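Listed here are the chains, written in short residue letters.
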Amino acid sequence: MAFCLLLVISCEENSSEPEQNGYLSGRVTVDDQGVDGVIIDVSNFHVSGGDGSAKTADQFQSEAAGDYTIELVSGTYRADYTYYGGEEILTTARYPITIEPGETTYVGIEMKDPIPHSVFVMNGNSAVDISWESAYGATEYRVYRAESSLANYLNIARVDTASGTISHSDMPPSVGTYNYYVTSISGSSQESAFEDIKTVTFTASITSPTGLLALDQVEYVSLSWNENQRADSYKIYRSQTNDDSWGLIDSTDAIEYEDTPSEMDDYYYRVASVSIYDTESEPSSAVMVNYDGRFDPVEGVSLVDRGSDLYLNWLDYDNVAYYSIYRTTDPEQSFTHIDSTVDPYYADSPVDTGTYYYYVTAIAPNGLESDESDTVHSSFDGILDYPSGFTVVNRGLYVELNWIEVDWAGAYILFRSDDGEIYVQVASIAGSITTYNDSPQNTGEYHYRIATETIAGEMGELSPPILVNYTDNLLPPEHVEAENAGTFIDLKWNKVFGASGYKIYRAHSEGGSYEYIDSTWEDTTFADSPEIEGAYYYKVKAFDSQGHISLFSDAAYVYFNDQPLPPYDIVAVDSLYKITLNWQCNETDADFLLYRSYSMDGNFQFISQAEDTFTTDWPPVSGHYFYKLRTIADNDTSDISDFVHVLFSGDLEAPQNLIAYDAGAYVQLEWSHVEGAFEYHIYISDSIDGEYVYDLSEDDNYAAHIPDSAGIFYYKVKALTIGDLSSPFSNAVQVEFAP
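What this report covers is the structure whose coordinates are included nearby. Fair warning: this is a prediction, and the values are worked out from it, not measured in the lab.

### Notes on the packing of aromatic side chains
Line of reasoning, step 1. As enumerated under the stated definition, the model contains 31 aromatic pairs in all.
Line of reasoning, step 2. Considering the side-chain rings of Tyr 144 and Tyr 181, the 4.8 Å spacing of their centres and the 20 degrees angle between planes classify their relative orientation as stacked. Highlighted residues: Tyr 144 in strand 12 (residues 138–147) and Tyr 181 in strand 15 (residues 176–186), separated in sequence by 37 residues. Side by side, Tyr 144 and Tyr 181 carry an identical accessibility label, which is buried.
Line of reasoning, step 3. Judged by centre distance (5.8 Å) and plane angle (65 degrees), the rings of Phe 626 and Phe 643 are edge-to-face. On the criterion of sequence distance, the pair formed by Phe 626 in strand 50 (residues 623–633) and Phe 643 in the loop between strand 51 (636–637) and strand 52 (644–648) is long-range, its members being 17 residues apart.
Line of reasoning, step 4. Each member of the aromatic cluster is reached from another via a ring pair, and the members are Tyr 144, Tyr 153, Tyr 181 and Phe 194.

In structure tokens:
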């Protein structure tokens, strides 16, 4: 079966009025032969790329020999073509495609065309940006350039191959108008032709810098911005009024600059990019800084209650002399200076419990103090808290302990007790680790507690105890399930920590004797095939390479009927001239019987047998159809499945492009192949409006017919599917036969 899939993405700016529609038409070929089965994606096109958001979508059946016609709202589109030719997948694209109201735009595609297509050349960021769509079989691309007034084309670049859109940036020797074209090199080192020559006027314009920042660093103003890869240097401008009084203060090839104004004041800064062609960009957006000999307020201040102290930290400044810490218990009252530090952090240990408020200032080398930072506060209880989320789980061969990380922790101290009264330290774990596996010497019940320790080695309070029963053995598998899969029983269970395999046991009653039947290695599934129908119970044990073996799991019950299960999840799809069906089945090696009826409660008649979980039905007429299936496995047949319903359109296209001519001893007829046709019936008449009589049939889309006598004859052709679904007549053609 060959088909085209059309995905149309409408342009937001396009009108949806019917009179605005136009047509995209063309032919898709491989080795100059028309091909069906090409998937065409049509999407909204913008100059910046072929992006678009899907708003409408439709499917259509391609015409024969690769022809296609698509009705589209007027606008600009991109078309992507994909052809699945056996083991080969060919792709190409065309854009921009302009659809005019009431007009047809023709786009022919050769899927194996080695010529790079859709070449774009644009005046970019101090460079000429070139892009094109990949060509079939290309191992390399070559870009050529010449001055527009000359034919002195030079190979300026060799670009590695890639799929989809390929791009290259060229920096011509000077501003001016240039011509470009792109070729491809094949695996046999042959160079292709080029699509056409593209012309661009290169102005060497360059984009402005972005991300400009200005910071008062007390002794200077620090400027920084994002790099423009096309910039050869940058020009820095300064103003005190942010109007037309901008003055050039310096140039640099770096992306940072230190300015030292002669006076303390408010200043504005802008930066411009300069290209290698000495062209200058528009200036960046202006930024303002208050250059007053003081640091800006300290930023990023945070406060954490560590139990034994309150921990402050903030973003560090360059060139700072020190930081001052202020505290109060009442934000409505004045703050008291409590200490100073050269570090961007501070630990405060108040004498009393309660809520405390803090802010920080930065002191410059000149002794001037910054404004206050934002205020932060926290409650203080004087107790070093234990980690939250502490859990203890018996994993059989070990006890697994987990907790939530404490940002300021230096370590975690774990304690264990076998009586709940006397605890011994088990381990000290680094503050960045939040899990630990403990293996006591003996089985039994144990109590665990955890505490946090600071970097300085101060330990806080212990968590409440958690009791766990340590078994010192593999745990039995959990959630064992048994399901009747028809001719076998499907078992599955959860993985056991530390297990290298599992033993499977079976019994005929829950309290009966469980017989060992098999083992698996690592797998947590098993397929069992009892010899007789009946009720079965299953249990599983886990084992490892050290000789440990778990207790039995809980039992799982299933009734086994030793009969294939019918197919399920059946889907039937109207494919215009046929119905395609697919389904699911538990059996891996089975055949399937397909039944059809004209009503839900009608008589379902056997129509075909399938070896896979899909098949095709070719009804002779359109209408409602109902299908059921049976499974055949191990020489046994399942019950019949539930039905699936489909409305069959029965829309087989009439043959197109019928021609007939006198070939001397016979009349030669030819027409385009109809997708889905199994054979063709040829009809003849002695007048164009007369009765057309069936005369012969052909498997191919051509025929040789010998009329009974000389004369003028008229021919029509019908297409028929395997199921004898008939298309309408083709158009009539006339031929004068003179043997």
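### Side note on the environment of Leu 90
Line of reasoning, step 1. By the element assignment, Leu 90 lies in strand 7 (residues 88–99).
Line of reasoning, step 2. Note: C-alpha distance between Leu 90 and Tyr 683 (593 residues apart in sequence) is 40 Å.

### With respect to the pattern of salt bridges
Line of reasoning, step 1. What the rule picks out here adds up to 20 salt bridges.
Line of reasoning, step 2. Arg 78 serves as the salt-bridge partner of Glu 133, at 3.5 Å between the closest nitrogen and oxygen. One end of the pair, Glu 133, is in strand 11 (residues 128–133); the other, Arg 78, is in strand 6 (residues 75–85), with 55 residues separating them in the sequence. The exposure classification of Glu 133 matches that of Arg 78, with both residues buried.
Line of reasoning, step 3. Of the charged contacts, one joins Asp 259 and Arg 238 as a salt bridge, the two residues approaching to 2.8 Å between their closest N and O atoms. Remark: Arg 238 occurs in strand 19 (residues 233–239) and Asp 259 occurs in strand 21 (residues 256–259); sequence separation between them is 21 residues.
Line of reasoning, step 4. Given a relative accessible area of 24%, Arg 238 falls into the partly exposed group.

### So, empty space enclosed by the protein
Line of reasoning, step 1. Using the criterion set out here, one finds one cavity of 30 Å³ or more in the structure.
Line of reasoning, step 2. Approximately 40 Å³ is the volume found for the largest cavity.
Line of reasoning, step 3. Forming the walls of the largest cavity are Thr 91, Thr 92, Glu 110, Met 111, Asp 113, Ile 115, His 117, Ser 134, Ala 135 and Tyr 136.

Parameters at a glance
Residues numbered from 1 in each chain as written. Predicted model: local features only at pLDDT ≥ 70, side-chain atom pairs only at ≥ 80, totals over all residues. Heavy atoms only, no water. Phe/Tyr/Trp six-rings, centres within 6.5 Å; stacked < 30°, edge-to-face > 60°. Helix = DSSP H or I, 4+ residues; strand = E, 2+ residues; numbered from the N terminus. Buried < 20%, exposed > 50% of the residue type's maximum accessible area, 1.4 Å probe, protein only. Salt bridge = Lys/Arg side-chain N within 4 Å of Asp/Glu carboxyl O. 1 Å grid on protein atoms, 1.4 Å probe; cavity = no way out; pocket = protein on both sides within 12 Å on 5 of 7 lines; lining within 4 Å. Points joined across faces, edges and corners; volume = space filled by probe spheres on them.

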